[in-house]
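# Results of the structural survey
The residues making up each chain are set out below.
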Protein chains: 2
Amino acid sequence: MFGLIGKMRAQPGKRDALLEILAKGTEEIPGCLSYVIARDPEDADAIWITEVWDSEDSHRASLSLPSVQAAIAEARPIIAGFDSNVRTEPVHGIGH
Amino acid sequence: MFGLIGKMRAQPGKRDALLEILAKGTEEIPGCLSYVIARDPEDADAIWITEVWDSEDSHRASLSLPSVQAAIAEARPIIAGFDSNVRTEPVHGIGH
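The written sequence of each chain sets the order in which its residues are numbered from 1. Chain A is the first chain written and ligand 1 is the first ligand written, with later ones labelled in order. Restriction of local features to residues with pLDDT of at least 70 applies here, the model being predicted, together with a cutoff of 80 or more for giving and counting side-chain atom pairs; totals for whole chains, interfaces and linings are based on all residues.

### Considerations on the relation of the copies chain A and chain B
Counted only if it meets this: Least squares is the method used to superpose the copies, on C-alpha atoms of residues holding a pLDDT of at least 70 in both. Note on contacts: each residue gets a C-beta atom placed from the backbone, and two residues are in contact if those atoms are within 7 Å.
Rotating chain A by 180 degrees about the axis while translating it 0.0 Å along that axis superimposes it on chain B, leaving an RMSD of 0.0 Å. Given the turn and translation reported, the copies of this chain are related as if by a two-fold rotation axis. Of the residues that chain A buries at the interface, 100% are likewise interface residues in chain B, meaning the two copies contact each other through the same surface.

Written out as structure tokens, the structure is:
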């Protein structure tokens, strides 16, 4: 499996708008086993994104999907950057 | 919802043993919506743990469960520490 843990930073005051875009752009993606977006309670503009994929190829392929490309285009203006982004190798997970 | 993202450090060379304990100690816990353990490919002793709970109370209550207490007792000698541990407020997730 392939995983990512990222801390994304919204433009000031735009966190909720960015969360909404991320939520709707990421439904029903082949190979995506888990995708969780979360607020950082200590950091008003920060969003944690944790992802589990069946493979790195599935993650890469997802970036070409029309729904994902639309979400990226819509989100880009209100993303300030990434504070961190870590690749992981998930070995075990229990589900939602 | 309530979430945690932690980077746990095993005693040198004990990561796989620690992963095994974490995996078996965390099945079927009330209120636990997602629990993923992952290797850090850049850091041979590091484990990323990402958790989503329906509430902070469920997380707290889980620490009293016999299965969790047994896992903690077994794991403690091979845990070197936590490099980081962040609380989150999950707002959206897609499942396994």
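### With respect to the confidence of the model for chain A
Going by this rule: Summary of the metric used: pLDDT quantifies the predictor's per-residue confidence within the range 0 to 100.
Averaged over every residue, the pLDDT of chain A is 90; the share at 70 or more is 99%. Overall fold confidence (pTM) sits at 0.89, and the ipTM for the predicted complex is 0.87.

### What to know about the nonpolar core
For clarity, the threshold we go by: The term nonpolar core refers to a group of buried residues, namely Ala, Val, Leu, Ile, Met, Phe, Trp, Tyr and Cys, whose C-beta atoms join them within 7 Å. Whether a residue is buried, exposed or partly exposed follows from its count of other C-beta atoms within 10 Å of its own C-beta, namely 20 or more, 12 or fewer, or something in between, respectively; the C-beta atoms are built from the backbone. Secondary structure elements follow DSSP: runs of H or I of four or more residues count as helices, runs of E of two or more count as strands, with numbering from the N terminus.
If you look at the biggest cluster of nonpolar residues, it comprises 32 residues, and the most contacted ones within it are Ile-37 and Ile-47 of chain A together with Ile-37 and Ile-47 of chain B. Within the residue set of this core, elements represented by two or more residues are β1 (2-10), α1 (15-24), β2 (32-39) and β3 (46-53) of chain A together with β1 (2-10), α1 (15-24), β2 (32-39) and β3 (46-53) of chain B. The residues touching Ile-47 of chain A, leaving out its near neighbours within four places in the chain, are Met-8, Ala-10, Arg-15, Leu-18, Leu-19, Ile-37, Ala-38 and Arg-39 of chain A.

### Looking at the interface of chain A and chain B
Opposite the 30 residues of chain A that make contact, chain B presents 30 residues. Among the elements of the structure, β1, α1, β2, β3 and β4 (79-94) of chain A are those that each provide at least two residues to the side of chain A that touches chain B. When residues in the side of chain A that touches chain B are grouped by element, the largest group, nine residues, is from β4 of chain A.

### Remarks on the sheet that holds β2 of chain B
Where strands meet in a sheet, backbone hydrogen bonds hold them as pairs that are either parallel or antiparallel. The line we're drawing: For two strands to pair, DSSP has to find at least two bridges joining them. Lines fitted to C-alpha atoms define the axes, with helix axes restricted to the stretch in contact, and inter-axis angles between N-to-C directions lie between 0 and 180 degrees.
Reading around the barrel, the eight strands line up as β1(A)-β3(A)-β2(A)-β4(B)-β1(B)-β3(B)-β2(B)-β4(A) and close back on themselves, with antiparallel pairing between neighbours. Averaged over all adjacent pairs, the angle separating strand axes in this sheet is 35 degrees, with direction ignored. Against the sheet, α1 of chain A touches β1, β2, β3 and β4 of chain A together with β4 (79-94) of chain B, its axis set at about 170 degrees to β2 of chain A. Sheet strands in contact with α1 of chain B are β4 of chain A together with β1, β2, β3 and β4 of chain B, and its direction is about 170 degrees off that of β2 of chain B.

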